[in-house]
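What follows is the residue order along each chain.
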Amino acid sequence: MERSIIPAPASVTATDGVEFEVTDATRIVAPTGSEAARIGGYLADLLRRSTGFPVEIGPTAGIVPGDTISLAVDADAADLGDEGYELKVDAEAVTLRAHRPAGLFHGVQSLRQLLPSRVESGEKQDGPWHIPGGTVVDKPRFAWRGAGLDVARHFFTVDEIKKYVDEIALYKINVLHLHLTDDQGWRIEIKKWPELTKVGASTAVGGGKGGFYTQEQYAEIVQYAAERFVTIVPEIDMPGHTNAALASYAELNCDGKARPTYTGIDVGFSALCVDKPVTYEFLDDVLGELAVLTPSPYLHIGGDEVKTLPAAEYATFIERVQQIVLKHGKQVLGWQEIAAAKLVPGAVTQYWDINASPAPVAAEVKGGAKVILSPASKAYLDMKYHENSKLGLQWAGFVEVRDAYDWEPATLLDGIGEDALLGVEAPIWSETLEDLDAVEFMAFPRLPAIAEIGWSPVAAREWESFGSRLAGHGPRWTAMGVNFYRSEQISWPE
Ligand code: TNX
């Protein structure tokens, strides 16, 4: 069983010689109207497309042995936690149990991966459809297993985001962090500041046409992701990375003059005017509108790479913005640079810059702050795989699959141990990536590596095992229509 599941489950016991066969009599059993039934419906849709079987859902089992896949939330299964599940497969039935619906959803992802890869096809395929027998008992190591996507340097459509949500959910990723604003583009409608999406949204790196999400479209993304147990975490980067806003509104600039729009890829040149009251009125409106659209407890305020502000002004700015975040009922999340300011209780920093000292973050940790790890040399999926990669950047080095896989969060940084970690996240910056095809090429196969680091216990993590499991996912991606990089480190099946 364990030969195929990514991320590696906490525990797997295979029953050799036993298998369950999905047939035209297979039914999904879950209480009518329950979350279990909704998740069962998601599984049924997947099975119907590729098997061509009717796969009915109902509250009671069928009468033929071997025809039942049951899903249930079990109030007594508290030991499985918020996201864990237990999956039992024998010749008669598949039984999936969890304490919470999220666990059922994750269990369905494991079940998917136990079926032949052609189950991922959008068209009817030939059987047989066997699932190997055994028991999986599984729950995550870290609560935060994120993917990040920069929709500012290049714009990605609602449909592209939805497809990416589907792809990351397969690997039990539970956060999609959207980098909504940067120098090259402002991508979210803010009703009180309409020029942001008239001017700021009109550009992209390289001079493309840009774009933005209306609040309605954004809510649709949030909802679609929530149905897949993925939380959208929005980022408004500030005080730097703000040229798109500074081009949209003259009054946000200290000299009162609107900046020209920007389509290059330099970083660090822009900054909001930290002394002007209008700056904080602006941020209050932006974060306020966004908070209403955001079920996540966190608003990401960026805070990275400001090269034009004195340190004291930067710190004062971050301290003021934190109060705005709190006022709107949210908690503060920011890139590691915000650790230079006095952080409010509950604030989380996201480590990325391998060239900067982690000491300020470690100091915050001493005071109880939590950290998300996105070390660029391992977890930045926009880094080139090797020197001849056409897509990607290379400031943090080349990142092959094994580099993305072979590191341990709890021992990576001095003073930032297991207890301080909320989890891990794999960002994709889109300076060189114009569409989802390009994003997929960077994410696969490295995203599953980061997903395994975030989910699996250390004892279940091993490169040889990961590599052989990963090889089997190549045909799965092909069946799903997911572009991927055929790394030479992996023995892909023909
Ligand atoms: C650094 S990561 C940045 C981004 C770039 C990225 C490219 C971070 C907080 N800032 O603005 O897009 O490198 O890899």
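Attention in this report is confined to the structure presented alongside it. (Residues numbered from 1 in each chain as written. Predicted model: local features only at pLDDT ≥ 70, side-chain atom pairs only at ≥ 80, totals over all residues. Heavy atoms only, no water.)

**Topic: the overall build of the protein chain**
Right, on to step 1. A count of helices and strands for the protein chain gives 16 helices and 17 strands.
Right, on to step 2. Relative to its length of 494 residues, the protein chain is compact, with a C-alpha radius of gyration of 23 Å against a globular reference of 23 Å.
Right, on to step 3. Taking the principal axes of its C-alpha atoms as reference, the protein chain extends roughly 75 × 45 × 45 Å.
Right, on to step 4. Burial analysis of the protein chain (494 residues in total) assigns 60% to the buried set. (Helix = DSSP H or I, 4+ residues; strand = E, 2+ residues; numbered from the N terminus. Rg over C-alpha atoms; globule rule 2.2 N^0.38 Å. Buried < 20%, exposed > 50% of the residue type's maximum accessible area, 1.4 Å probe, protein only.)

**Remarks on the packing of aromatic side chains**
Right, on to step 1. Tallied over the full model, the rule gives 25 aromatic pairs.
Right, on to step 2. By way of ring pairs, the aromatic residues Tyr 171, Phe 444, Trp 477, Phe 484 and Trp 492 are connected into one cluster.
Right, on to step 3. The ring of Tyr 224 carries the charged tip of Arg 228 above its face, separated from the ring centre by 3.6 Å. (Phe/Tyr/Trp six-rings, centres within 6.5 Å; stacked < 30°, edge-to-face > 60°. Lys NZ or Arg CZ within 6 Å of the ring centre and 35° of its normal.)

**Some words on the site of the ligand**
Right, on to step 1. Taken together, 13 residues form the shell around the ligand, and within it Arg 153, Tyr 380, Asp 382, Trp 395 and Glu 431 come nearest.
Right, on to step 2. Residue Arg 153 places a side-chain N or O atom 2.8 Å away from an oxygen atom belonging to the ligand.
Right, on to step 3. Between a nitrogen atom of the ligand and a side-chain N or O atom of Glu 305, the distance comes to 3.1 Å.
Right, on to step 4. Against a free-state accessible area of 360 Å², the protein chains account for coverage of 98% of the ligand.
Right, on to step 5. Looking at the shell around the ligand residue by residue, the classes come out as 7 nonpolar, 1 polar and 5 charged. (Near = heavy atom within 4 Å. Polar contact = N/O pair within 3.5 Å; in protein donor to acceptor, adjacent residues only side chain to side chain. Areas by Shrake-Rupley, 256 points an atom, 1.4 Å probe, with all protein chains shown as cover. Nonpolar A, V, L, I, M, F, W, Y, C, P; charged D, E, K, R; others polar.)

**Re the pattern of salt bridges**
Once their charged atoms are close, side chains differing in charge can pair, the charge on each being opposite to the other.
Right, on to step 1. A complete count under the given rule lists 27 salt bridges for this structure.
Right, on to step 2. The partner of Arg 153 in a salt bridge is Asp 150, and the shortest N-O contact between them spans 2.9 Å. By the burial criterion, Arg 153 is buried, and Asp 150 matches it.
Right, on to step 3. Between Lys 191 and Glu 189 there is a salt bridge, with its nearest N and O atoms 3.7 Å apart.
Right, on to step 4. Residue Lys 191 is classed as exposed on the basis of its relative accessible area of 54%.
Right, on to step 5. Counted as one network, the salt bridges with shared partners bring together Arg 141, Glu 408, Glu 418 and Arg 461. (Salt bridge = Lys/Arg side-chain N within 4 Å of Asp/Glu carboxyl O.)

**So, the pairing of strand S17 (residues 421-428)**
Right, on to step 1. In terms of residue burial, S17 counts as a mostly covered element, since 8 of its 8 residues are buried.
Right, on to step 2. The pairing of strand S8 (residues 144-150) with S17 spans 6 bridges and is classified as parallel. Across the sheet, the residue bridging to Trp 144 is Gly 423, located in S17.
Right, on to step 3. Note that strand S16 (residues 370-373) and S17 share 3 bridges and pair parallel. By the bridge assignment, Val 371 is partnered in S17 with Leu 421. (Pairing = 2+ DSSP bridges.)

**Quick look at the nonpolar core**
Right, on to step 1. Core analysis: the biggest nonpolar cluster contains 155 residues, and Tyr 164 and Leu 176 have the highest contact counts within it.
Right, on to step 2. It is helix H7 (residues 277-293) that provides the largest number of residues to this core, a total of 9 residues.
Right, on to step 3. When residues of this core are assigned to domains, at least three map to each of domain 1 (11-138) and domain 2 (144-457).
Right, on to step 4. Excluding residues within four positions of it along the chain, Leu 176 makes contact with Ala 147, Leu 149, Ile 161, Tyr 164, Val 165, Ile 168, Val 230, Thr 231, Ile 232 and Val 233.
Right, on to step 5. Counting 8 residues, the second largest nonpolar core, distinct from the first, contains Trp 144, Val 175, Val 233 and Leu 333. (Core = buried A, V, L, I, M, F, W, Y, C linked by side-chain atoms within 4.5 Å. Domains from an automatic or database assignment. Contact = heavy atoms within 4.5 Å.)

The quantities given are spatial measurements derived from coordinates; they are silent on function.
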